[in-house]
Amino acid sequence: MMKQKFNRLISTCVPLPLENVDTDQIIPARFLKATDKEGFGDNLFRDWRYDKKGNKNTSFVLNDPAYSGSKILLAGKNFGSGSSREHAAWAIAGYGFRAVISSFFADIFRNNALNNFVLPVVVSEPFLAELFASVRNDKKAMVEIDLPHQQITNLTTGNSETFEINDYKKHCLEQGVDDIDFLLSNKDKIEKWEHDNV
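For the structure given in this document, a descriptive report is provided here. Remember, it's a predicted structure, so these values are computed and weren't measured experimentally. In every chain, residue numbers begin from 1 and rise along the written sequence. A pLDDT threshold of at least 70 governs which residues receive local features in this predicted model, and a stricter bar of 80 or more applies before side-chain atom pairs are shown or counted, although totals over entire chains, interfaces and linings include all residues. Excluding hydrogens and water, the side-chain figures rest on all heavy atoms present in the structure.

## Observations regarding helix H4 (residues 107-115)
For every residue, the accessible area (1.4 Å probe, protein chains only) is compared with the maximum for its type, and the residue is labelled buried under 20%, exposed over 50%, or partly exposed between those bounds. Secondary structure elements follow DSSP: runs of H or I of four or more residues count as helices, runs of E of two or more count as strands, with numbering from the N terminus. Listed in full, the buried residues belonging to H4 are Phe109, Asn112, Ala113 and Leu114. Here, residues are in contact when the closest pair of their heavy atoms is within 4.5 Å. Check the buried side of H4 and you find it contacts helix H1 (23-26), helix H3 (87-95), strand S4 (119-122) and helix H6 (167-175). A positive backbone phi angle near 65° is found at Phe117, which sits one or two residues after H4.

## Some remarks on the environment of Phe104
Relative to the assigned elements, Phe104 resides in the loop between strand S3 (99-102) and H4. Taking the C-alpha atoms as reference points, Phe104 and Asn78, separated by 26 residues in sequence, lie 4.8 Å from one another. Once residues lying within four places of it in the same chain are set aside, the contact partners of Phe104 are Lys77, Asn78 and Phe79.

## So, the packing of H3 against H4
Fitting a line to C-alpha atoms yields each axis, with helices limited to the stretch in contact; the angle taken between N-to-C directions then spans 0 to 180 degrees. Axis separation between H3 and H4 bottoms out at 8 Å; the angle between their running directions is 45°. Relative to H4, H3 is oriented oblique. Considering the relative orientation of H3 and H4, their crossing is right-handed. On H4, the residues touching Ala88, Ala89 and Ile92 of H3 are Phe109, Asn112 and Ala113. For classification purposes, an angle smaller than 35 degrees is called roughly parallel, one larger than 145 roughly antiparallel, one from 65 to 115 roughly perpendicular, and anything else oblique. In a left-handed crossing the near helix is turned counterclockwise from the far helix by less than a right angle, and in a right-handed crossing that turn is clockwise.

## Observations regarding the nonpolar core
Working definition of a nonpolar core: buried Ala, Val, Leu, Ile, Met, Phe, Trp, Tyr and Cys residues. They are joined through side-chain atoms within 4.5 Å. If you look at the biggest cluster of nonpolar residues, it comprises 52 residues, and the most contacted ones within it are Phe45, Phe79, Ile92, Ile101, Leu119, Ile145 and Ile152. Taken together, the elements giving at least two residues each to this core come down to strand S1 (8-16), strand S2 (72-75), H3, S3, H4, S4, helix H5 (125-137) and strand S5 (142-146). With sequence-adjacent residues up to four places away left out, Phe45 is seen in contact with Leu16, Val21, Gln25, Ile26, Phe60, Leu62, Leu73 and Phe79.

## As for the sheet that holds strand S7 (residues 160-162)
Read from one edge of the open sheet, seven strands run S4-S3-S2-S1-S5-S6-S7, paired in mixed fashion. On the outer flanks of this sheet lie S4 and S7, each paired with one strand and no other. Averaged over all pairs of adjacent strands, the angle between their axes in this sheet comes to 25°, without regard to strand direction. Inspection of the sheet shows S3 paired to S4 by four bridges, in the parallel sense. Counted as the bridge partner of Ser102 is Val122 from S4. Strands are treated as partners if at least two bridges between them are detected by DSSP.

## Some remarks on the pattern of salt bridges
Note on definitions: salt bridges are taken to be side-chain nitrogens of Lys or Arg within 4 Å of carboxyl oxygens of Asp or Glu. Throughout the structure, instances matching the rule amount to five salt bridges. Between Lys77 and Glu125 there is a salt bridge whose closest N-O contact spans 3.3 Å. On the criterion of sequence distance, the pair formed by Lys77 in the loop between S2 and H3 and Glu125 in helix H5 is long-range, its members being 48 residues apart. For Lys77, a relative accessible area of 35% puts it in the partly exposed group. In this structure, the salt-bridge partner of Asp107 is Arg110, at a minimum N-O distance of 3.0 Å. Here Asp107 and its partner Arg110 are both found in helix H4, three residues apart, which amounts to about one turn of the helix. A relative accessible area of 27% places Arg110 in the partly exposed class.

Below, the structure written as structure tokens:
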């Protein structure tokens, strides 16, 4: 999975107006045998996207060609609950989503998403309802996520909200670096501190 900088994103949204979507629905347990991050996007929401014979469920939103290329998943409250499997974040990122919007995320999922260059954006329930309404009325409705200013805007209505993010994780997303990259970039400072404090 490629490390990508995240600054400003404008995209349509894939609407999934379901609450309490857990990690087993995001990526079923039978797909957890792999140890690298590749290929999980193909099985994102597998049991909703396909029937038991492997045929596409044409009524499921990810199979609607109108949402092809969308970089934002618009989800109901309490997204990513259940087990702590990081594979759920791998599947979200592997599918091509750069951000997930909800009114509440499970803590472990939120951290796993950030560690995999997916931005979880927490908005108020009224703003989330407005976003769902805009997408319901127009599948091409656009949303702008401005990470530097921590602001999300419904470009249909012009309404905006600010969102919270840990300063360190914000830095990592903006620079496209993970925890190891960050430590390596500070190697000289760490060695100096160790030298000065022996």
